[in-house]
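Close look at the chain arrangement
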Amino acid sequence: DQQVKQNSPSLSVQEGRISILNCDYTNSMFDYFLWYKKYPAEGPTFLISISSIKDKNEDGRFTVFLNKSAKHLSLHIVPSQPGDSAVYFCAASADSNSGYALNFGKGTSLLVTP
Amino acid sequence: DGGITQSPKYLFRKEGQNVTLSCEQNLNHDAMYWYRQDPGQGLRLIYYSQIVNDFQKGDIAEGYSVSREKKESFPLTVTSAQKNPTAFYLCASSIVGDLSNYGYTFGSGTRLTVV
């Protein structure tokens, strides 16, 4: 059963506007969340993460928001650039203190148009 | 430069054959993982290992086998028992007990096609 869900398979945004990618999870034991970016035929690369003790983490154009009560997190990209076009995966860990394997969502394909 | 290397990048297998995918890392990471990516399925965990000579099954381990004889290496064998092996395979590594910086470091993947 999918414990991390990305319900939007794709998203199209104009350059310069905000991109908002959403992720929901079902396992209340998840305590660490990460976003990865992936290009075709390549491995994912780390983008940004957030611990369950926080509700926001910001790194340049990327901000992740966590709403624990709703079991929801979102990735905001502002401003969006054409180079941001890729597949974005949300991932969660149930035990960040032991390096437990990450659970991934199915990904959201972001297209940023000029 | 430290990193994680998967080889080969493309692999073709005849039905009924076993094939082994290589994964090597020089990041001094204790934990290593194998994932499979299918279109529309995201990344699904096959096997993981947190220490040499020990590994655990993931969500879709049937038809696969692994070994962890060295810290740097975590090869994956796709056996003839795997019913639908055509997929993109990703290897990753991490520091046990610390996902705070980068989480996993991924290799560039191996695309396996059964012909």
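Check the entry above for the structure.
So, a few notes on the structure that sits alongside this text. (Residues numbered from 1 in each chain as written. Chains lettered and ligands numbered in written order. Predicted model: local features only at pLDDT ≥ 70, side-chain atom pairs only at ≥ 80, totals over all residues. Heavy atoms only, no water.)

**Some words on the overall build of chain A**
Each helix and strand in chain A was counted, giving zero helices and eleven strands. Tracing chain A from N to C terminus, the helices and strands come up as β-β-β-β-β-β-β-β-β-β-β. A compact globule built from 114 residues would reach a C-alpha radius of gyration of about 13 Å, and chain A, at 13 Å, matches this within 12%. On the principal axes, the C-alpha backbone points of chain A span a range of 40 × 30 × 20 Å. Expressed as a percentage of the 114 residues in chain A, the buried residues total 46%. Look at the contacts in chain A between residues 6 or more apart in sequence, and 55% of them connect residues 24 or more apart. (Helix = DSSP H or I, 4+ residues; strand = E, 2+ residues; numbered from the N terminus. Rg over C-alpha atoms; globule rule 2.2 N^0.38 Å. Buried < 20%, exposed > 50% of the residue type's maximum accessible area, 1.4 Å probe, protein only. Contact = heavy atoms within 4.5 Å.)

**A closer look at the sheet that holds strand 8 (residues 72-77) of chain A**
The five strands lie next to each other as 1-3-8-7-6 (chain A), forming an open sheet whose pairing is antiparallel. Strand pairing shows two members of the sheet lacking a second neighbour, strand 1 (4-5) and strand 6 (56-59) of chain A, which therefore form its edges. (Pairing = 2+ DSSP bridges.)

**Topic: the side chain of B:S73**
Residue and element names in this part refer to chain B. As for its placement among the helices and strands, S73 is situated in the loop between strand 7 (64-66) and strand 8 (76-78). A distance of 3.0 Å separates the side chain of S73 from the side chain of E24, its partner in a polar contact. For S73, the residues in contact, after removing those within four places along its chain, are C23, E24, M32, S67 and R68. (Polar contact = N/O pair within 3.5 Å; in protein donor to acceptor, adjacent residues only side chain to side chain.)

**Things to note about the nonpolar core**
Residues and elements named next belong to chain A. Grouped together as the largest cluster of nonpolar side chains are 23 residues, with contacts concentrated most on F33, W35, L73, L75, I77 and Y88. Mapped onto this core, the elements with two or more residues apiece are strand 3 (19-25), strand 4 (32-38), strand 5 (45-51), strand 7 (62-67), strand 8, strand 9 (86-93) and strand 11 (108-113). Looking at this core, the element that brings in the most residues is strand 9, giving four residues. Excluding its chain neighbours within four sequence positions, the residues that come into contact with I77 are R17, I18, S19, L21, R61, F62, D84, Y88 and L110. (Core = buried A, V, L, I, M, F, W, Y, C linked by side-chain atoms within 4.5 Å.)

**Things to note about the side chain of A:T63**
All names here are of chain A. By the secondary structure assignment, T63 is in strand 7. In this structure T63 comes out as buried when scored by relative accessible area, which is 10%. The contact partners of T63, leaving out residues within four places of it in the chain, are I48, K56, N57, E58, S74, L75 and H76.

**Remarks on the state of the cysteines**
Residues and elements named next belong to chain B. Inspection of the entire model under this criterion finds two disulfides over all chains. Residue C23 pairs covalently with C91 via a disulfide, S to S 1.9 Å. On the S-S bond that ties C23 to C91, the torsion sits near -75 degrees, and the link is left-handed. Note that C23 is positioned in strand 3 (residues 19-25) and C91 in strand 9 (residues 87-94), a separation of 68 residues in sequence. Looking at C23, the relative accessible area reads 1%, which means it is buried. Among the residues examined, C91 registers a relative accessible area of 0% and is labelled buried. (Disulfide = S-S within 2.5 Å.)

Just distances and angles here, no functional claims.
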